[in-house]
Amino acid sequence: MKYKTNIITVFFLYLLFINIALGDSKVAFINIDSIISETIIGKKIQDNLNNIKKENLKKLKTTEKKIKDKQDTVNKQKNLITESELKIKIGELNEEFRKFQSQKLELSKNYNSEKKIQLEDFFKKTRPIIEKYMKANKLGDIGLDFSDKPSRQFIVKKIINIKKYKSYLEIGTFHNDL
């Protein structure tokens, strides 16, 4: 019994001294969102990406409106035209919709690619400034090199493939982000 009490006492003393030793560590957080939103370069990147996103959405809405109008026209004519003509028009409408979906996917890929390039360029430009600040305040080294880490899109696609999901809903991302 005394042996168990000694072991427990030593264990708690060990934990106490570990916490004291680790308590001297400095912890620093860098709010990357505020750096991007408050710097001139970051604001330019945000404006550029927002402009690209607006242009993409404008293109998609225009195409979507054309398809919707054609669909309404086909729906109005379906009692007036023959069944074979209706099948042809529905086939054309489906083909336009497939093209719309591929255009949407392509615009999304291009946007994500441009976003990645611009953010990598931003971090290349700001990294020396952040490192200088960290050294001046003796905060240690920062690890902003994420090039060897998988992207969020890669992780999500991997999970979808592993779980064999047919569809999913991702909350908290930008429109057309994946």
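How each quantity is defined
Residues numbered from 1 in each chain as written. Predicted model: local features only at pLDDT ≥ 70, side-chain atom pairs only at ≥ 80, totals over all residues. Heavy atoms only, no water. Helix = DSSP H or I, 4+ residues; strand = E, 2+ residues; numbered from the N terminus. Buried < 20%, exposed > 50% of the residue type's maximum accessible area, 1.4 Å probe, protein only. Contact = heavy atoms within 4.5 Å. Areas by Shrake-Rupley, 256 points an atom, 1.4 Å probe, with all protein chains shown as cover. Phe/Tyr/Trp six-rings, centres within 6.5 Å; stacked < 30°, edge-to-face > 60°. Salt bridge = Lys/Arg side-chain N within 4 Å of Asp/Glu carboxyl O. Axes fitted to C-alpha atoms, helices over the stretch in contact; angles between N-to-C directions. Parallel < 35°, antiparallel > 145°, perpendicular 65-115°, else oblique. Expected span 1.5 Å × (residues − 1). Bend = angle between axes of the 7 residues up to and from the residue. Patch = residues over 30% accessible without salt bridge, like charges linked within 9 Å, V, L, I, M, F, W, Y side chains within 5 Å. pLDDT = per-residue confidence, 0-100.

Asker: I keep staring at the overall build of the chain and nothing clicks. Help me out?
Answerer: From N to C terminus, the chain includes 5 helices and 0 strands. Order of helices (α) and strands (β) in the chain, N terminus to C terminus: α-α-α-α-α. Burial analysis of the chain (178 residues in total) assigns 15% to the buried set. Counting only contacts in the chain whose residues sit at least 6 apart along the sequence, the fraction spanning at least 24 positions is 65%. On the chain, roughly 14,900 Å² of surface is accessible, and the fraction owed to carbon and sulfur atoms is 59%.

Asker: Just checking my understanding: could you explain the packing of aromatic side chains for this structure?
Answerer: Each aromatic ring pair is summarised here by two numbers: the centre-to-centre distance and the angle between the ring planes. This structure, assessed with the given rule, holds 2 aromatic pairs. Pairing Phe-122 with Phe-123 gives two aromatic rings, centres 5.4 Å apart and planes at 70 degrees, and the pair type is edge-to-face. On the basis of relative accessibility, which here comes to 23%, the residue Phe-123 falls in the partly exposed class.

Asker: Teacher, can you tell me more about the pattern of salt bridges here?
Answerer: It is possible for side chains bearing opposite charge to pair when their charged atoms get close. Applying the stated rule across the entire model yields 5 salt bridges. A salt bridge links Glu-83 to Lys-87; the shortest N-O distance between them is 3.9 Å. Separated by 4 residues within a single helix, Glu-83 and Lys-87 lie in helix H4 (residues 83-136), roughly one turn from each other. On the basis of relative accessible area, Lys-87 is assigned to the exposed category, the value being 56%. Across the salt bridge formed by Glu-95 and Arg-98, the nearest N and O atoms sit 2.7 Å from each other.

Asker: Help me understand the packing of helix H3 (residues 40-77) against H4, please; the structure alone is not making it clear to me.
Answerer: A pair of packed helices is captured by two measures, namely the crossing angle of their axes and the spacing between those axes. Across the interface, H3 lies against H4 with an axial gap of 10 Å and an inter-helix angle of 175 degrees. Considering the angle they form, H3 stands roughly antiparallel to H4.

Asker: Any chance you could explain H4 here in plain terms?
Answerer: Quick reminder: α-helices carry 3.6 residues per turn. Residues three or four places apart thus point the same way. In this model H4 runs 78 Å from its N-terminal to its C-terminal C-alpha over 54 residues, within 8% of the 80 Å that 1.5 Å per residue would give. At Thr-126, H4 is deflected by roughly 40 degrees, the largest bend along its length, and proline Pro-128 occurs up to four residues later in sequence. Residue Lys-138 follows H4 closely and has a positive phi angle near 50 degrees.

Asker: Help me understand a nonpolar patch on the surface in this model?
Answerer: Side chains of Phe-154, Ile-155, Ile-159 and Tyr-165 sit close together on the surface and give an oily, nonpolar patch of about 400 Å² of accessible area. Here Tyr-165 shows up in the segment after helix H5 (152-163). Given a relative accessible area of 44%, Tyr-165 falls into the partly exposed group.

Asker: For this particular structure, what's the right way to read the confidence of the model for the chain?
Answerer: Should the pLDDT be low somewhere, the predicted coordinates at that spot are not to be read in detail. Of the residues in the chain, 74% reach a pLDDT of 70 or more, and the chain-wide mean stands at 80. Here helix H1 (residues 2-22) stands out as the least confident element of the chain, with mean pLDDT 62; H3 is the most confident, with 92.

Asker: Which parts of the structure should I look at to understand H5?
Answerer: Over its 12 residues, H5 extends 16 Å from the first C-alpha to the last, a length consistent with the 16 Å expected when each residue adds 1.5 Å. The first or second residue beyond H5 is Lys-164, which carries a positive phi of 60 degrees.

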